[in-house]
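The lines below spell out each chain.
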Amino acid sequence: MLVLSRVNKVGQIKLNFYSKLVQQERVFGSSVRHLFLHRSCDCTAQPEGGGHVLPTTTDDHKHLDKIRNIGIMAHIDAGKTTTTERMLFYSGVTKTVGEVHDGDTVMDYMEQERERGITITSAAITFSWHGHRINLVDTPGHVDFTMEVERSLRVLDGAIAIFDASAGVEAQSLTVWRQADHYQVPRVCYLNKMDKPAASVPMCLTSIKEKLHATPLVLQYPVGHGKEFTGLVDLVHMCKMIWNRQSRDYGSKYEAHILTQDGDDSLWDPAFLARCELTDQLADLDNKLAEYVLETESIENVPPQLLKAAIRRVTLNQTAVPLLMGSSYKNTGVQLLMNAVLSYLPSPEERKLETVALYAPHLCAMAFKIVHDKQLGGVLTFVRIYSGHLEKGQRLFNINAEETERVGRVMIAFADEFKEVSSVKAGNIVVVTGLKITSTGDTLVGSYSLANNVQRKLLDETKDPQAAMLLGVQVPEPVFFCSVEAPSPSQQKALESALNQLQREDPSLHVTLDQDTGQTVLSGMGELHLDIIRDRIHKEYKVEAELGPLQVAYRETCKVCYTHTLDINKMIGETRQQVKVTLSIEPKLNYKFKSLEFAFSKDNLENLHAINRHHVSALNRGVGSALTSGPILGFPVVDVKVALHWLEVGRGTSETIVAAAAAQCVHQLLQKAHCQLLEPIMEMEIVTDEEHTSAVLADIARRRGNILQITQRQDLRVITVECPLAELMGYSTTLRSLTSGIASFTMELSDYRLMSLSDQAAAIEAVTGFAPL
């Protein structure tokens, strides 16, 4: 009966494949079959690994195809750091396995990380695996540190997305997946914690398809379930691998043998069917494999090298994602994940950037992370080299800052330890010292003349000269802010120095000076983010700074269109300053103000065409400055469009006066345009048990929350809600009290929305202490 069932299922898979082909012929004509049957087939498979282990310096690297720049991304507590620690142990970098709960991991080296058991800052490390060099970045999973994920993905060629096999796609998993989509980073998926009783592969597959809109390719079949999970079947090679959990080698060795129908009767049928389904999926996505299946009329006996080549092609094209399984904490399956990185993720030469081609073969690199280290001489800059090579003592030109800098030392990162090298070639991630003004996202090239030649070429081709710079990172807007004060005047300078260094390290941390109160204001991504900053100021910089109460970072916008004319005619010194400017403002959803728009009409056409470009630049500066402070509470004004209708500037009038006139005109516009507050709305995912669900829902309703969805995850309830950030102060403590510590939650910024007049009045009173009239 089992044999008949297997034959019927395989027959159905083949029937489905040919049915899809017939549908394609109906749409595209019979040429589809002709195309499949006559295209040449590239049967070259990527090597699994093997060969000597590479040395730990990059000088001996001559081939980019032997390098992988990858990152590990996931929801908090999915097992990123645990997986990385196993990789380091199996590759020989470490002699023992570090554990997050023991606080002795290599990658979580900060004191704050080891205390809390979470990753706060991305850590880079280099190791060798089967003749390849892997530059790996372990990223945080908490939403407050999403900037770390953003800037890491910007410079990586591939990524490993880790999911808890009992939870599927969680809130932060979705966020980091979108970030990888933005930078078009190929990925492999890894279902971790397969040893948990609630682990469910079908649930995870459904979650990936529905939430991430991705096509998972299941490359493995689990051996055992829950606590009985002991190994995997590699569906590509039909090879069974079993790990001995009782051994003391942390899973370094495992038994492997080819799966046979006679010797593995219970595993053969489901594994064989899973392989046929994998082949069917790949044939739909890859023409070369489809050609082979049609020629041989067999979906059951496709050679492993053909399957691997097809998996690699669809992964690099990002039409599908390979999915692997394992239990990192139980030392099962990590080596196969490392093999998959070599087999399916791209090398640097397979990730070409258009901007890099403008500089090749000369140096082109990007600075993506700044760290201050007193022992190594101050500022450490993490750099991804895209073309050329970087040497000790080399001069670089920073295109963003338009300054020349000199490299001090060049080092390879091993988490918080570094090994100095003389030079590094393209495709690698390195750490350099000596760069004094370089910031996150800056483009570094070989010389000023090289950058000038590229910009001139772009101008000649009527392209944007900004294309001479690599695409920088997107810095998220802060949602919380608080004041910070030094404990005494004598420590004020030390506090300012600490804040300058922390702000350079972390672009998502904003430090501003309130002109009205004279207070220094910190703005960040959340309560934990600012708490970590306070802790670092105390422990690393020895300043007992005091932080004021957290406040919500609102935004302001206008509700009506308005036009205003400002006429300035003053004597300043011996020069008459004359400016007459007419501006209009109008609400425009999701509009990002970058520069003034010209509102052309029959009456002003000649006037606007005659405007000096320096005056336009001054107007933009003035308008931009005015929009940073709204009329209600002084928060930035967003979602508005400012247009220029008329400009008259008297002879001898300075650009500063023109900018000031524009700023004053915009301030007067905002006073008349019925401004209103926008508040940040957070999307939350709360996981609780059935018993406490009603209490959680009632509490969310009291906080002006909106229930979006309630789903079941085994015996738990997953509640997705939208709630104003102002109502979530200290919510983690409240949730623990309501559920006796059972529930957990994650949240991320959804968008900014208009407040009702009553809620706005309450917000104004909370910020200022006075009720609005």
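Look a little higher up for the structure.
Heads up: these notes are all about the structure in this document.

Rules of the game
Residues numbered from 1 in each chain as written. Predicted model: local features only at pLDDT ≥ 70, side-chain atom pairs only at ≥ 80, totals over all residues. Heavy atoms only, no water. Helix = DSSP H or I, 4+ residues; strand = E, 2+ residues; numbered from the N terminus. Buried < 20%, exposed > 50% of the residue type's maximum accessible area, 1.4 Å probe, protein only. Contact = heavy atoms within 4.5 Å. Areas by Shrake-Rupley, 256 points an atom, 1.4 Å probe, with all protein chains shown as cover. Pairing = 2+ DSSP bridges. Axes fitted to C-alpha atoms, helices over the stretch in contact; angles between N-to-C directions. 1 Å grid on protein atoms, 1.4 Å probe; cavity = no way out; pocket = protein on both sides within 12 Å on 5 of 7 lines; lining within 4 Å. Points joined across faces, edges and corners; volume = space filled by probe spheres on them. Nonpolar A, V, L, I, M, F, W, Y, C, P; charged D, E, K, R; others polar. Phe/Tyr/Trp six-rings, centres within 6.5 Å; stacked < 30°, edge-to-face > 60°. Lys NZ or Arg CZ within 6 Å of the ring centre and 35° of its normal.

**Considering the overall build of the chain**
And then number 1: The number of helices and strands found in the chain is 21 helices and 35 strands.
And then number 2: Residues counted as buried form 52% of the 773 residues belonging to the chain.
And then number 3: For the chain, long-range pairs separated by at least 24 residues make up 74% of all intrachain contacts whose partners lie at least 6 apart in sequence.
And then number 4: Carbon and sulfur atoms provide 50% of the accessible area of the chain, an area that totals close to 34,800 Å².

**Points about the sheet that holds strand β8 (residues 231-234)**
Hydrogen bonds along the backbone pair up the strands of a sheet, which may run parallel or antiparallel.
And then number 1: Overall, antiparallel pairing links the four strands, which are arranged β7-β8-β9-β10 in an open sheet. Looking at which strands have only one partner, the edges of the open sheet turn out to be β7 (220-223) and β10 (254-258). For this sheet, the mean inter-axis angle between neighbouring strands, taken without regard to orientation, is 20 degrees.
And then number 2: The pairing of β7 with β8 spans four bridges and is antiparallel. Among the inter-strand pairings, Gln-220 is bridged to a residue of β8, identified as Asp-234.

**As for empty space enclosed by the protein**
And then number 1: Enumeration according to the criterion identifies one cavity of 30 Å³ or more in this entry.
And then number 2: Taken together, Ala-124, Ile-125, Thr-126, Asn-135, Leu-136, Phe-382, Ala-413 and Ile-429 form the lining of the largest cavity.
And then number 3: Only β2 (123-129) and β3 (132-138) provide two or more residues apiece to the lining of the largest cavity.
And then number 4: Residues that form the lining of the largest cavity fall into these classes: six nonpolar, two polar and no charged.

**Notes on the pairing of strand β12 (residues 364-373)**
And then number 1: Of all 10 residues in β12, 10 are buried; the element is thus mostly enclosed.
And then number 2: Strand direction decides the pairing type here: β12 and strand β13 (residues 378-387), joined by nine bridges, are antiparallel. Across the sheet, residue Ala-365 finds its bridge partner in β13, namely Ile-385.

**Overview of the packing of aromatic side chains**
And then number 1: For the structure on display, the rule yields 11 aromatic pairs.
And then number 2: With a centroid separation of 5.3 Å and 75 degrees between ring planes, the pair formed by Phe-89 and Tyr-250 is classed as edge-to-face. In this pair, Phe-89 sits in helix α3 (residues 80-90) while Tyr-250 sits in the loop between β9 (239-243) and β10, placing the two residues 161 residues apart along the sequence.
And then number 3: Between Phe-481 and Phe-635, the aromatic rings sit 5.8 Å apart at their centres with planes inclined by 65 degrees, giving edge-to-face as the arrangement. Of this pair, Phe-481 sits in strand β22 (residues 480-485) while Phe-635 is found in the loop between α17 (613-626) and β31 (640-649), placing the two residues 154 residues apart along the sequence. Taken individually, Phe-481 and Phe-635 each receive the classification buried, so the pair is uniform in this respect.
And then number 4: The ring of Trp-177 carries Arg-187 above its face, with NZ or CZ at 4.5 Å from the centroid.

From the geometry alone we can't say anything about function, so treat these as descriptive.
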